[in-house]
Amino acid sequence: MSVLTIEGLTKSFRGFTAVRDVSLELKGGELRGLIGANGAGKSTLLHLIYGRLQADHGSIRFGDTDVTQLRARDRARLGMGLVFQVTSIFLDLTIEENLLLGAVPKVAGTPSVDPGEVERVLELIELREIRGRRARHLSHGEQRWLEIGMVLLTKPKLLLLDEPTSGMTRAESRRTAGLLRELQAARAAEAMIVVEHNIEFIRLVSDRVTVMHRGEVLADGTIDEVQANPDVEASYLGRRH
Amino acid sequence: MKWWRSRVPPLGFAGLAGAQRRRRGVEGILLAAAMAFPLLSGDTFLIDRVGRYFLFAAFAISVDLIWGYGGLFTFGHAAFFGGGGYIVGVLTTNEAAFLPIPLWAALIAAVVGAALFALALSYFVFSGRGALRGVEFAVVTLAVAVVAERFTNAGGSLTGGQNGILLSASLGIPGVISLQQGSGFYALAGVVLLATYLGVQRFLSSRSGLILRGIRENEDRVDLLGYDVPAIKRRAFVLSAAIAALAGGIFYVHEGIVSPGAVGVSASTLVLLWVVLGGRGTLLGPVVGAILLPYLTATLSGSLLDIWLVVVGVILVAVILVLPSGIFGFLNRDRAT
């Protein structure tokens, strides 16, 4: 069964069409890479999926639910989790408090996450030993991982990551790739979408990619298939060299 | 008890759990020592005065709850503190219909009235697409204080106009115990402060408290994690208003008079100074500020008749420049551990 089904999604800003007639389907267990040049519409599509932006046309189904008209908060409650391109954590709270904000119930009285989950996530993001440190004292990479950990503790069915390696060193990017592979192997979320402009990073984490160009889906397939696609070569990959 | 409660440091401390426990212990000892000191001195005037400061401290904690912990800067919280006094005054001195009512019932009415007003206001300012933040919220609270002051000034026989209301009710149980003056009042104010301190501490270590501090740090992120941000703000604002009204109700019964200045902008600004001086976003900070600054003011105004206000102002500016996070904020300053 599909985790996410997008049909004919379009979004314009004052006459400029950032996303045009995009359709996409995401199956359970899938980690989809979404690549394209700057301004291709990747992040806009991600924010349309999450509900930070409302689509002009088209529909978004999340599992059995049509979420097209829902607010971001309600989509989050249904099981979508977003890791921002610009790190969005709680700088003056400790690492543990940041994670707790992911873990505690979103609606009072509903069941909360197992306390062991917090320990597992602390272990996973390698911040267990400094759990009492305020987030502002972490390196950029550690802050990115903390945000991933916090969103993971919301138990998302669909995890959306907007350029998770943005601003990271090469070593941190490799560590992030390893982290995402671990998450996929552990089925931490039913499906994931990773927006990146770094195709080498996508090659490390994802088997299937969707290439966007000027707001439209240009190609869809395995990394090798899209790299061999002449349109992709001409419009995106070719320009990178 | 929810499992996360033991993991949420209620005072916003950084550091490991052991350090947090030590600091909390130090706080508790400081608070207990500060509360016991006037009694040991035996000076009844001082005891009575410190009792008043305790109620100021409860008021300051109520402001710190929404400003220091929730990031909601308020310029009009005296409308609740002074409003508590006015509600008690109106209900215990008027002789119309079912009035006057007993003092205890009037105090309950003050708390409920302030909470209901805060609840109604919060639906306008925190909900919907036009939800207010930062300066916008501060301006609304400023308007509340201005309107409250105008209303009490123009309220005729109901509010006593610019002369205010003379409160004849007395704190205590008639024929059993008087809590209106001296050590009785001191004990009552101490209990109010302690209950406020512990109650707010408990709130801050709850789910709502953690989310409230998250809102202060990054409101959008809290919303996008799926939390109901307006509901959490509303809860904190209502709690804060109720505490302020209780402290104010008792304070003005003790004073024997409540006048329009009690609900206005300058009273609302004064409490901000206490919080800033003591340390915003800490629980003991507002207590320290609300005792220290009025004490300093009262002491210096007696010895430096003409220039005391200037001296207090200079001290305040100097402290804020040297310790921008306040006295207790400095002691509790952030260290990368």
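Details of the overall build of chain B
Along its length, chain B carries 13 helices and 4 strands. Taking 337 residues into account, the globule formula puts the C-alpha radius of gyration at 20 Å, and chain B, at 20 Å, falls close to it. Per-residue burial over chain B gives 49% buried out of 337 residues.

Regarding the overall build of chain A
Broken down by element type, chain A carries 9 helices and 10 strands. Taking 2.2 N^0.38 as the reference for a compact globule, 241 residues should give roughly 18 Å; the C-alpha atoms of chain A span a radius of gyration of 18 Å, in line with that estimate. In terms of overall dimensions, chain A has C-alpha extents of about 50 × 40 × 35 Å along its principal axes. Out of the 241 residues in chain A, the part that is buried amounts to 48%.

Regarding the sheet that holds strand β4 (residues 57-62) of chain A
Residues and elements named next belong to chain A. Strand order in the open sheet formed by 4 strands is β2-β1-β4-β5, and the pairing between neighbours is antiparallel. At either end of the open sheet lies a strand with only one pairing partner, and these are β2 (16-27) and β5 (65-66). Bridge count for strand β1 (residues 2-13) against β4 is 5 bridges, and the pairing is antiparallel. Paired with E7 across the two strands is S59, which belongs to β4.

Points about the environment of L246(B)
All names here are of chain B. Following the sequence through the fold, L246 ends up in helix α9 (residues 229-255). C-alpha of L246 to C-alpha of V88: the two residues are 158 residues apart in sequence and 9.8 Å apart in space. In this structure L246 touches G84, L107, A110, V111 and V192, once residues within four positions along its chain are discounted.

Examining the sheet that holds strand β8 (residues 191-196) of chain A
Residues and elements named next belong to chain A. Pairing in this open sheet of 6 strands is mixed, and the strands run β6-β7-β8-β3-β9-β10 from one edge to the other. One side of each edge strand has no neighbouring strand; the edge strands of this open sheet are β6 (80-83) and β10 (216-222). When strand polarity is set aside, the average angle formed by the axes of neighbouring strands in this sheet is 20°. Across 5 bridges, the pairing between strand β7 (residues 158-162) and β8 is parallel.

Quick look at helix α8 (residues 207-224) of chain B
Residues and elements named next belong to chain B. Its 18 residues place the ends of α8 only 17 Å apart at the C-alpha level, less than the 26 Å of an ideal helix rising 1.5 Å per residue. Most pronounced at N218, the bend in α8 amounts to some 125°. Counting buried positions along α8 gives 14 out of 18 residues, so the element sits mostly inside the fold. Just past α8, the residue G226 takes up positive phi, approximately 110°.

Let's talk about the nonpolar core
The biggest cluster of nonpolar side chains holds 173 residues, and the ones touching the most others in it are L160(A), A57(B), A60(B) and A247(B). Counting residues per element, this core draws most heavily on α9(B), which supplies 17 residues. Excluding anything up to four places from it in sequence, A247(B) contacts L55(B), A58(B), F59(B), F81(B) and V192(B).

Let's talk about the pairing of β8(A)
Of all 6 residues in β8(A), 6 are buried, a share of seventy percent or more. Where burial is concerned, the two faces of β8(A) agree: the one with A191(A), I193(A) and V195(A) and the one with M192(A), V194(A) and E196(A) are both buried.

Focus on the confidence of the model for chain B
Residues and elements named next belong to chain B. Confidence in the prediction of chain B, expressed as mean pLDDT, is 87, and 91% of residues score 70 or more. Per-element mean pLDDT across chain B ranges from 70 in helix α1 (residues 17-41) up to 97 in α9. Scored below 50 in pLDDT, residues 10-16 makes 25 contacts in the model with residues more than four places away or belonging to other chains. In the predicted assembly, ipTM is 0.89 and pTM is 0.89.

So, the packing of helix α11 (residues 284-303) of chain B against helix α12 (residues 308-322) of chain B
Residues and elements named next belong to chain B. As a packed pair, α11 and α12 sit with axes 9 Å apart at the nearest point and diverge in direction by 145°. Crossing angle aside, the handedness with which α11 passes α12 is right-handed. Each of L296, T297, L300 and S301 in α11 lies in contact with α12, whose residues at this interface are W308, V311, V312 and I315. When grouped by side-chain class, the residues that make up the contact of α11 with α12 number 6 nonpolar, 2 polar and no charged.

Looking at α11(B)
Over its 20 residues, α11(B) extends 29 Å from the first C-alpha to the last, a length consistent with the 28 Å expected when each residue adds 1.5 Å. For α11(B), the complete set of buried residues consists of L284(B), G285(B), P286(B), V287(B), V288(B), G289(B), A290(B), I291(B) and L293(B).

A look at unusual backbone geometry
Note that the residue after L99(B), namely P100(B), is joined by a cis bond; omega there is -5°. If you trace the backbone, P100(B) turns up in the loop between α3 (78-93) and α4 (103-126). A positive phi is found at E126(A), a non-glycine position, where the angle reads about 60°. For E126(A), a count of 13 C-beta atoms within 10 Å puts it in the partly exposed group.

Quick look at the pairing of β10(A)
The two faces of a sheet get side chains in turn, since along a regular strand they alternate between them. All names here are of chain A. The sheet contact formed by strand β9 (residues 208-213) and β10 spans 6 bridges and is antiparallel. Looking across to β10, one finds that T210 is bridged to D220. In this antiparallel pair of consecutive strands, β9 and β10, the connection spans 2 residues, and R214 shows a positive phi of 50°.

A closer look at the packing of helix α3 (residues 95-103) of chain A against helix α5 (residues 140-152) of chain A
All names here are of chain A. Look at α3 against α5: their axes get within 7 Å of each other, and the N-to-C directions meet at 35°. The element α3 and its partner α5 pack so that their crossing is right-handed. Here α3 contributes I95, N98, L99, L101 and G102 to the contact with α5, which in turn contributes L146, G149, M150, V151 and L152. Tallied by class, residues from the contact of α3 with α5 come to 7 nonpolar, 3 polar and no charged.

Let's talk about the environment of Q184(A)
Assignment of secondary structure puts Q184(A) in helix α6 (residues 170-185). For Q184(A), the contacting residues outside a window of four places in its chain are L31(A) and M192(A).

Describing the environment of L65(B)
All names here are of chain B. Looking at the element boundaries, L65 is found in helix α2 (residues 44-66). Judged by C-beta crowding, with 26 C-beta atoms within 10 Å, L65 ranks as buried. Each C-alpha atom, one on L65 and one on P286, is 9.9 Å from the other, the two residues being 221 residues apart in sequence. The contacts of L65, once residues within four sequence positions are left out, are G70, V200, A236, L239 and S240.

Rules used throughout
- Residues numbered from 1 in each chain as written.
- Chains lettered and ligands numbered in written order.
- Predicted model: local features only at pLDDT ≥ 70, side-chain atom pairs only at ≥ 80, totals over all residues.
- Helix = DSSP H or I, 4+ residues; strand = E, 2+ residues; numbered from the N terminus.
- Rg over C-alpha atoms; globule rule 2.2 N^0.38 Å.
- Buried ≥ 20, exposed ≤ 12 C-beta atoms within 10 Å, placed from the backbone.
- Pairing = 2+ DSSP bridges.
- Contact = placed C-beta atoms within 7 Å.
- Axes fitted to C-alpha atoms, helices over the stretch in contact; angles between N-to-C directions.
- Expected span 1.5 Å × (residues − 1).
- Bend = angle between axes of the 7 residues up to and from the residue.
- Core = buried A, V, L, I, M, F, W, Y, C linked by C-beta atoms within 7 Å.
- pLDDT = per-residue confidence, 0-100.
- Left-handed = near helix turned anticlockwise from the far one by under 90°.
- Nonpolar A, V, L, I, M, F, W, Y, C, P; charged D, E, K, R; others polar.

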